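A structural walkthrough
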Amino acid sequence: MIMSIFRSIPLLFGLFFLVLLTSCIDEEDFQNSPTANFEALWKIVDEQYCFLDYKGIDWDSVHTVYSAKITDKMDRYALFDTLSNMLSTLKDGHVNLYSTHDMARYWSWYEDYPTNFYEDLQRTYLGTDYRIASGLKYTILRTDSIGYLYCGSFSDGFSDDNISEALYYMRNCRGLILDVRSNSGGVLTYATRLAEHFTVETLPVGYIQHKTGKGHSDFSEPYAVNLDPSKGIHWLRPVVLLTNRKCFSATNWFVNCMQQLPQVITVGDRTGGGSGLPFSSELPNGWYVRFSASPMLNPKKEQLELGIDPNVRIDIPIPEAFATKRDAMIDYADSVLLKLTKD
Amino acid sequence: MELKMKVWVGVFFLSIGLSSVDLHAQEKLVVEDSLTWRDITRCTSFGIGSANLYDSYLSPQDYTGTEYSLQRESQHPTRFLSAWKLTQQTLFQGHFSYADNRSEKNTDMAFHAQLEYILYRTLLTTHFRNGNTLMLQVGPGLQGQGGMIYNLANGNNPVAVKVGGDLLASVQLAYHFYVGKKPFLLRYQATAPFIGVHFAPHYGASYYEMFSLGNDEDLTRVTYPGNQPSLYQHFSLDIPVWRGGTLRASYIWDVKQTDLNELRYHSWSNRFMLGFVHQFYRKPNR
């Protein structure tokens, strides 16, 4: 019997070792050569980037074109430029390649369009004695009793109290100009936090998806995203939201949320888009890559990646605006709010 | 249930059954002398070693560095089912790893804690003429674990959370021997998870979607050796160094791996540990 026990020992040990030896989970081993770095980057985009199908990009063809330009003798600067050019075919402001000497980017989503926001013109309305609550600049356009609140970034946090204080300051105003021009995004939580002060009921504002696998069309079912009322003060009077091409990423989502609210009119230029929640990864040589990984949709389940049109399209006429120091978008918003609230 | 998983479930219960069958047979043959064993053995160890971290949710590269560990172990015969001569082991492990990628331009920090409870059944106790004793024990166990890997460079995917619970299978081989009149203990332990449930985010799901937006459905997966081929191996030597005091020197090879929702993870650790053993004698059947 002792012998039978001993005979069972190899079986038990064998089971343990079999588990390990037959199932080693390891990374794909890329060497640190230009070719290997190119292949690693191409693979990251191939398996994780979320807009290849939506944008109709033949990523295999991109591989064919750019692999012919890669040689193991090229220096890191040439490699970086080639990889940057490859990524620019995605036409996505959320796609960047970071090295110690440069950051590859695609900024045509605003560089190719009118700026439509100038601080010199904004100063006409803000003056010098405006208030600042954690980055939120606000004042009252005194002649018309219209509130003006500028949010230039969602990167720096602000609290519900900051927003409530600003809205309380404008409590006697008939309407509000909410300006997010040239706000290129930041943290979605802050964008949502601001939008939550403009509703007293939960509203459906869109959907989010994520990739479920490496295939270009492997996506989860859209998951409904709601806008819940915030704590603090809620603004239910008319709002004109000013946008331009530099409204990107979290700001793009903020504009989408605000467009679902009945008291909001959007005025200005189309937003810059950027609706893919970005993920990060890296290459064997230590360069980082950022890319869109998780698309966010509007309530009709339409993509927001290429931007959101305003209800009223307006440009600031240049150079006339600098001569008069008037911001045509703010003036238009002011007149709209006066009409809406004259009774 | 997948076929591969069914096979592993079968293997697990087969191993449990095998240990039971053998035990009943050997009880008649082996003379058990409980007085040769201390009732309760506790050991607290501290260690350092190498860490190799890889989580494809964070990066396609692996990270290598240093791991610091704390381990608290307790073993003693059970008070229940005393006729079965069961020994229970409680093992707590805490780890902190700091690892860099190959280009040394980025860092992963990992925290991990786990608690195991293993119930050993003695398969074999052999007393040699020189007073040395060899003991083989096999048994099932339970394990709960939690931890995270934090990637310092990533934006919206900086963290990979590791939470789960497993049913374990473990084997322990202990050799008590004497050098002069001083008792030494050489021990080998191997433990592997067989069936468990682990937190498993979807392939491209962000933590923002899961926890801020609340899309937390279907975030767990059943694990088995096919998708969680992990193994913990512990070699130790208990050395009496002073009157009543025992030092334990250990080498641990700890392999944690999962392949869930096309997200691949490994944590390979080799560490050396030193600890102090506290033994308490308690009369049988007390």
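All values derive from a computational prediction rather than experimental measurement.

**What to know about the sheet that holds strand E10 (residues 264–268) of chain A**
All names here are of chain A. Taken in spatial order, the seven strands of this open sheet run E3-E4-E5-E6-E9-E10-E13, and their pairing is mixed. Strands at the two margins of the open sheet, each flanked by one partner only, are strand E3 (131–133) and strand E13 (312–313). Summarising the sheet, strand E5 (residues 146–151) and strand E6 (residues 175–179) pair through five bridges and their orientation is parallel. In the sheet register, Ile146 faces E6, and the bridge partner there is Gly175. Contacts from helix H9 (residues 250–259) reach E6, strand E9 (239–243) and E10 within the one sheet, and its direction differs from that of E9 by about 155°.

**Some thoughts on the pattern of salt bridges**
By the definition in use, this model includes 19 salt bridges over all chains. When the shortest N-O distance is used, the salt bridge between A:Lys43 and A:Glu47 registers 3.2 Å. You can see A:Lys43 and its partner A:Glu47 sitting in helix H2 (residues 34–48), four residues apart, about one turn around the helix. Looking at A:Lys43, the relative accessible area reads 24%, which means it is partly exposed. Accessibility expressed as a relative area gives 15% for A:Glu47, which makes it buried. One continuous salt-bridge network, built from bridges that share partners, spans B:Glu67, B:Asp254, B:Lys256 and B:Arg271.

**Let's talk about the packing of aromatic side chains**
Residues and elements named next belong to chain B. The final tally for this structure, using the stated rule, is 26 aromatic pairs over all chains. Ring centres of Tyr57 and Tyr207 lie 5.6 Å apart, and the angle between their planes is 65°; this geometry places the pair in the edge-to-face category. Placement of the pair is Tyr57 in the loop between strand E1 (40–55) and strand E2 (63–77) and Tyr207 in helix H2 (residues 207–212), with a sequence separation of 150 residues. The class of Tyr207 is buried, set by a relative accessible area of 14%. Geometrically, the ring pair formed by Tyr68 and Phe96 is stacked, given 6.4 Å between the ring centres and 15° between the ring planes. Remark: Phe96 occurs in strand E3 (residues 86–101) and Tyr68 occurs in strand E2; sequence separation between them is 28 residues. Among the residues examined, Tyr68 registers a relative accessible area of 42% and is labelled partly exposed.

**Observations regarding helix H11 (residues 328–341) of chain A**
Residues and elements named next belong to chain A. An ideal rise of 1.5 Å per residue puts 20 Å on 14 residues; H11 measures up with 20 Å between its terminal C-alpha atoms. Burial in H11 covers these residues: Met329, Ile330, Ala333, Asp334, Val336, Leu337 and Thr341. One side of H11 carries all its buried residues, which in axial view fall inside an arc of 165°. Among the structural elements, helix H6 (119–126), strand E4 (136–141), E5, E6, E9 and E10 are those in contact with the buried residues of H11. The opening residue of H11 is Asp327, an N-cap whose side-chain oxygen sits 2.9 Å from the backbone nitrogen of Met329.

**Quick word on unusual backbone geometry**
Most peptide bonds take the trans configuration, and most residues that are not glycine carry a negative phi. All names here are of chain A. The linkage connecting Ile318 with the following residue, Pro319, adopts the cis geometry, with an omega of 15°. Tracing the chain through its elements places Pro319 in the loop between E13 and helix H10 (320–324). Of note in this structure, Asn116 is not a glycine but carries a positive phi near 60°. With respect to the element layout, Asn116 can be found in the loop between helix H5 (108–111) and H6. Asn116 sits in the buried class, given a relative accessible area of 1%.

**Looking at the pairing of strand E6 (residues 159–179) of chain B**
Residue and element names in this part refer to chain B. Pairing analysis gives 18 bridges linking strand E5 (residues 133–151) to E6, with the strands arranged antiparallel. Bridge pairing in E6 links Gly146 to Val163. In terms of strand pairing, E6 meets strand E7 (residues 182–199) through 16 bridges, oriented antiparallel. Residue Ser170 lies in a different strand from E7, and its bridge partner there is Thr191. Count of turn residues in the E6/E7 antiparallel hairpin: two residues, of which Gly180 carries a positive phi of about 70°.

**Here we look at the confidence of the model for chain B**
Residue and element names in this part refer to chain B. In this model, chain B carries an average pLDDT of 87, and 85% of its residues clear a pLDDT of 70 or more. Per-element confidence in chain B ranges from a low mean pLDDT of 44 for helix H1 (residues 3–26) to a high of 97 for strand E8 (residues 220–223). Interface predicted TM-score (ipTM) for the complex: 0.90; the corresponding pTM is 0.88.

**Some words on the packing of H2(A) against helix H3 (residues 59–67) of chain A**
How two helices pack is summed up by the angle between their axes together with the distance between the axes. Residue and element names in this part refer to chain A. Taken N-terminus to C-terminus, the directions of H2 and H3 make an angle of 165°; their axes are 11 Å apart at the nearest point. Comparing their axes, H3 and H2 come out roughly antiparallel. For the crossing formed where H2 meets H3, the hand is right-handed. Along the contact surface, H2 presents Phe38, Glu39, Trp42, Val45 and Asp46, while H3 presents Trp59, Asp60, His63, Tyr66 and Ser67. Residues that form the contact of H2 with H3 fall into these classes: five nonpolar, two polar and three charged.

**As for the packing of helix H8 (residues 188–195) of chain A against H9(A)**
Residue and element names in this part refer to chain A. For the pair H8 and H9, interaxial distance at closest approach is 9 Å and the crossing angle is 25°. Classified by the angle between their axes, H8 and H9 sit roughly parallel to one another. Once H8 is placed against H9, the crossing between them reads as right-handed. Here H8 contributes Leu188, Ala191, Thr192, Leu194 and Ala195 to the contact with H9, which in turn contributes Ala250, Trp253, Phe254, Cys257 and Met258. Grouping the amino acids of the contact of H8 with H9 by side-chain chemistry returns nine nonpolar, one polar and no charged.

Definitions and cut-offs
- Residues numbered from 1 in each chain as written.
- Chains lettered and ligands numbered in written order.
- Predicted model: local features only at pLDDT ≥ 70, side-chain atom pairs only at ≥ 80, totals over all residues.
- Heavy atoms only, no water.
- Pairing = 2+ DSSP bridges.
- Helix = DSSP H or I, 4+ residues; strand = E, 2+ residues; numbered from the N terminus.
- Contact = heavy atoms within 4.5 Å.
- Axes fitted to C-alpha atoms, helices over the stretch in contact; angles between N-to-C directions.
- Salt bridge = Lys/Arg side-chain N within 4 Å of Asp/Glu carboxyl O.
- Buried < 20%, exposed > 50% of the residue type's maximum accessible area, 1.4 Å probe, protein only.
- Phe/Tyr/Trp six-rings, centres within 6.5 Å; stacked < 30°, edge-to-face > 60°.
- Expected span 1.5 Å × (residues − 1).
- Arc of directions from axis to C-beta.
- Polar contact = N/O pair within 3.5 Å; in protein donor to acceptor, adjacent residues only side chain to side chain.
- pLDDT = per-residue confidence, 0-100.
- Parallel < 35°, antiparallel > 145°, perpendicular 65-115°, else oblique.
- Left-handed = near helix turned anticlockwise from the far one by under 90°.
- Nonpolar A, V, L, I, M, F, W, Y, C, P; charged D, E, K, R; others polar.

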